[in-house]
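Listed below are the residues making up each chain.
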Amino acid sequence: MKRDFWVIGLVSLLQGVVLGQLGFFDVQRLGKGLLNLGRFAGEMVPPDMGVLPVAGKALLETVQMSFAGTVLGFLVSLPLSILGTRRLFPEPVPALARLIAAAVRTIPVLLWAIIFVILVGLGPLAGTLGIAVYTVGYLAKIYAELFEGTDPEVLEAVRGVGASRLHLVRFVVLPEGANALVAQLLFMLEYNIRASSVLGFVGAGGIGFVMQVYLQTLDYQRLATLLLLILAVVLVMDGISGWLRKRFLLASH
Amino acid sequence: MRNGKVALRTEGVWFAYREPDWILKDVSLACSLRNVMMIMGPSGSGKTTLLKVMAGILRPQRGKVEVLGIEIQRGVSRGLRPAIGYIPQQLGLVRSLTALENVLIGALSRISPGRGLLGLFPGHEVEQARAAMDLMGIGHKAREKVFRLSGGERQRVAIARTLLQHPRLVLADEFVSDLDLPRAAEILTLMRQVAEQEDITFVMNMHEVQLVQEFGDQVLMVSNGQVLHECSAQEVNLDRFTEVVQ
Ligand SMILES: Nc1ncnc2c1ncn2[C@@H]1O[C@H](COP(=O)(O)OP(=O)(O)O)[C@@H](O)[C@H]1O
Ligand SMILES: [Mg+2]
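- Labelled according to an unreviewed UniProt entry, chain B appears under the name ATP-binding cassette domain-containing protein, originating from Tectimicrobiota bacterium.

- Under an unreviewed UniProt entry, the name given to chain A is Phosphonate ABC transporter, permease protein PhnE, and the organism recorded is Tectimicrobiota bacterium.
- UniProt's Subcellular location (unreviewed entry) comment on chain A is quoted here verbatim: "Cell membrane".
- Its UniProt record gives chain A the following Sequence similarities (unreviewed entry) comment, quoted word for word: "Belongs to the binding-protein-dependent transport system permease family."

This is the structure we're talking about:
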């Protein structure tokens, strides 16, 4: 009890110091920001629906990039995460696989997009590759942890019948992890749709490019339409994945 | 002993998960072909460890383990692997697969890697799997996912899977101890039947004295990682057991 009190006190103090350093106690600045936010919001209404055709097309590209990138990343992350499972492979194989995933994860998705713009030029191809690589880094880690949790007794029993390592993956590791595998994939897809809407800022395709133009020309009414569209897509995605989860994942356990 | 030939033999086996905490201390035993050997002993005495050493899953630091005349203390060759069936205490079934798929896993050592990965089992293997399930009385549950099956049905799936690997020796870890006596007796009757038909030697860890007497040939009593007593199943009684264990 007494120790909890000290820990909570210390954490609060630290948080206070950090907030101060970040300018959170600068009342004047915060007040001005609040005022600007009001003005900004005011200039957004009414949203300019005239840009719907342009925005819709850009949004479609964003969604395509997210889907293709997520699927590509998923396909690469599967073998990488299997190599990263200590229950299946002896060191140093898992350590190496995890190191690759960690290295990939270090670089944020926006930076990956910039790298691919340099490598393959402007446009959605760069964005798709950026999303794919980022997805590999994230899913490979999550999946390796998931596979690591496979019941060792089941692995032992199936290994005991004379099954090969690939058979273990096919008949134990993947089926036992299937639900969590799909759940994480859906989560990743939702995340990528949100994340990919800013990739256009660096010329990697999608709705971000249009967004940036409207931001720079202070065209807030058009920007508002874009944001509403993204919101709609995110909500639809949430709905679809929620339905999938209920329909398939919960039903099987 | 009904047959002089030895299916399983250990000589001076010592095993520790972390030396020098010896879990098995100088274990020597022999089990004849087609016998049913029951291993009794208090919890924590090393029965599971002993079974895993005899299945070639754990490697003893010292001593010799011989299965069907082949030494396995340094590992089991791919060829011998299917001949040794091992049924762990929790059965080791893949819960998210169907009963039939679990049974077919027993045939994996005979299937080419490509077909195996695609789950394309040859027709005669599927027939064999269904026959094994019929024998175990669970033919009607073939398409059911394992997590939907009852405890007794799961035991039967586990045996059917082991039968499909065409074992000569089956090591089963307390695997009827979760069932009530009549049900356990039913399954053990089946196992004895199979043992005789298919020439299989059974070794199992078992608590229940009644079942040991009824279904065992040979009995081994272990305590604290050592073999304390060996006798025939008829000689076993509860007094003898508690006396030995204390
Ligand atoms: N994986 C393991 N690592 C370390 N110690 C273990 C492990 N498995 C079992 N033991 C220990 O070995 C001893 C014997 O266990 P076990 O063979 O499971 O006995 P039994 O099956 O007779 O109950 C116990 O003291 C247990 O704590
Ligand atoms: Mg045990």
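And the narrative resumes.
### Thoughts on the overall build of chain B
Right, so step 1: Within chain B one finds eight helices and ten strands.
Right, so step 2: Its C-alpha atoms give chain B a radius of gyration of 18 Å, near enough to 18 Å, the size a compact globule of 246 residues would have.
Right, so step 3: Taking the principal axes of its C-alpha atoms as reference, chain B extends roughly 50 × 40 × 35 Å.
Right, so step 4: Looking at chain B residue by residue over its 246 residues, the buried ones come to 55%.
Right, so step 5: In chain B, once contacts between residues fewer than 6 apart in sequence are set aside, the share between residues at least 24 apart is 67%.
Right, so step 6: For chain B, the accessible area works out to roughly 10600 Å², and carbon and sulfur atoms hold 47% of it.
Right, so step 7: Across chain B, the mean location of the 29 positive side-chain charges is 7 Å away from that of the 27 negative side-chain charges.

### Here's the deal with the overall build of chain A
Right, so step 1: For chain A, the helix and strand inventory stands at ten helices and zero strands.
Right, so step 2: Ordered by position from N to C terminus, the α and β elements of chain A give α-α-α-α-α-α-α-α-α-α.
Right, so step 3: By the compact-globule yardstick of 18 Å for 253 residues, chain A is too spread out, its C-alpha radius of gyration being 23 Å.
Right, so step 4: Principal axes of the C-alpha set define a box for chain A whose edges measure 70 × 60 × 40 Å.
Right, so step 5: Among the 253 residues that make up chain A, the fraction classed as buried is 41%.
Right, so step 6: Long-range pairs, those at least 24 residues apart, make up 74% of the contacts in chain A between residues at least 6 apart in sequence.
Right, so step 7: When the accessible surface of chain A is summed, it comes to about 13900 Å², and 73% of that surface belongs to carbon and sulfur atoms.
Right, so step 8: Charge centroids of chain A, computed over 19 positive and 15 negative side chains, lie 2 Å from each other.

### Brief notes about the nonpolar core
Right, so step 1: Counting residues in each nonpolar core, the largest one holds 90 residues, and the members touching the most others are Phe175(B), Val176(B), Met204(B) and Val219(B).
Right, so step 2: Excluding residues that lie within four positions of it along the chain, Phe175(B) makes contacts with Ile87(B), Leu91(B), Gln155(B), Ile159(B), Ile187(B) and Met191(B).

### Some remarks on the pattern of salt bridges
Right, so step 1: In this structure the tally under the stated criterion is 17 salt bridges over all chains.
Right, so step 2: In this structure, Arg222(A) and Asp219(A) form a salt bridge, with 3.4 Å as the shortest nitrogen-oxygen distance.
Right, so step 3: Accessibility expressed as a relative area gives 31% for Arg222(A), which makes it partly exposed.
Right, so step 4: The residue Arg9(B) makes a salt bridge to Glu66(B) at a minimum N-O spacing of 3.9 Å. Residue Arg9(B) is located in strand β1 (residues 6-16), and its partner Glu66(B) is located in strand β4 (residues 62-67); the two are separated by 57 residues in the primary sequence.
Right, so step 5: Using a relative accessible area of 30% as the deciding quantity, one classes Arg9(B) as partly exposed.
Right, so step 6: Via salt bridges that share partners, Arg86(A), Glu91(A), Arg98(A), Glu145(A) and Glu148(A) belong to a single interconnected network.

### Some points on the sheet that holds strand β2 (residues 22-32) of chain B
Residue and element names in this part refer to chain B.
Right, so step 1: Pairing in this open sheet of four strands is antiparallel, and the strands run β2-β1-β4-β5 from one edge to the other. Each of the sheet's edge strands pairs with one partner strand only, and the pair in question is β2 and β5 (70-71).
Right, so step 2: With seven bridges joining them, β1 and β2 adopt antiparallel strand pairing. Of the residues in β2, the one forming a bridge with Phe 15 is Leu 24.
Right, so step 3: Along the sheet face, helix α1 (residues 47-54) touches β1, β2 and β4 and points at about 60 degrees away from the line of β2.

### What to know about the interface of chain A and chain B
Bring the parts together and some accessible area is lost; that lost area is often taken as the interface size.
Right, so step 1: Chain A puts 21 residues into the contact, and the matching count from chain B is 33 residues.
Right, so step 2: For the chain A and chain B pair, buried surface summed over both sides reaches about 2100 Å², with 61% attributable to carbon and sulfur atoms.
Right, so step 3: It is Glu153(A), Val161(A) and Phe171(A) in chain A that bury the most area against chain B; as a group they hold 30% of the surface buried on that side.
Right, so step 4: Across the pair Glu156(A) and Lys52(B) runs a salt bridge whose closest N-O atoms are separated by 3.4 Å.
Right, so step 5: Our count for the chain A to chain B interface comes out at seven residue pairs in polar contact (both at pLDDT 80 or more).

### Structural notes on the sheet that holds strand β8 (residues 201-205) of chain B
Residues and elements named next belong to chain B.
Right, so step 1: Spatially, the six strands line up as an open sheet ordered β6-β7-β8-β3-β9-β10, and their pairing is mixed. One side of each edge strand has no neighbouring strand; the edge strands of this open sheet are β6 (84-87) and β10 (226-232). Averaged over all neighbouring strand pairs, the angle between strand axes comes to 15 degrees, with direction disregarded.
Right, so step 2: With four bridges connecting them, strand β3 (residues 36-40) and β8 associate as parallel partners. Following the sheet pairing, Ile 39 is matched in β8 by Asn 205.

### Brief notes about the pairing of β6(B)
Residue and element names in this part refer to chain B.
Right, so step 1: Residues of β6 alternate between two faces, with Ile 84 and Tyr 86 on one and Gly 85 and Ile 87 on the opposite face, all of them buried.
Right, so step 2: For β6 and strand β7 (residues 169-173), the ladder comprises four bridges, and the chain directions are parallel. Within the sheet, the bridge partner assigned to Gly 85 lies in β7 and is Val 170.

Here is what the cut-offs are and how they apply
Residues numbered from 1 in each chain as written. Chains lettered and ligands numbered in written order. Predicted model: local features only at pLDDT ≥ 70, side-chain atom pairs only at ≥ 80, totals over all residues. Heavy atoms only, no water. UniProt positions renumbered as here; feature names shortened; annotations may be inferred. Helix = DSSP H or I, 4+ residues; strand = E, 2+ residues; numbered from the N terminus. Rg over C-alpha atoms; globule rule 2.2 N^0.38 Å. Buried < 20%, exposed > 50% of the residue type's maximum accessible area, 1.4 Å probe, protein only. Contact = heavy atoms within 4.5 Å. Areas by Shrake-Rupley, 256 points an atom, 1.4 Å probe, with all protein chains shown as cover. Lys, Arg positive; Asp, Glu negative; His and termini not counted. Charge placed at Lys NZ, Arg CZ, Asp CG, Glu CD. Core = buried A, V, L, I, M, F, W, Y, C linked by side-chain atoms within 4.5 Å. Salt bridge = Lys/Arg side-chain N within 4 Å of Asp/Glu carboxyl O. Pairing = 2+ DSSP bridges. Axes fitted to C-alpha atoms, helices over the stretch in contact; angles between N-to-C directions. Buried area = accessible area lost by both parts, 1.4 Å probe. Polar contact = N/O pair within 3.5 Å; in protein donor to acceptor, adjacent residues only side chain to side chain.

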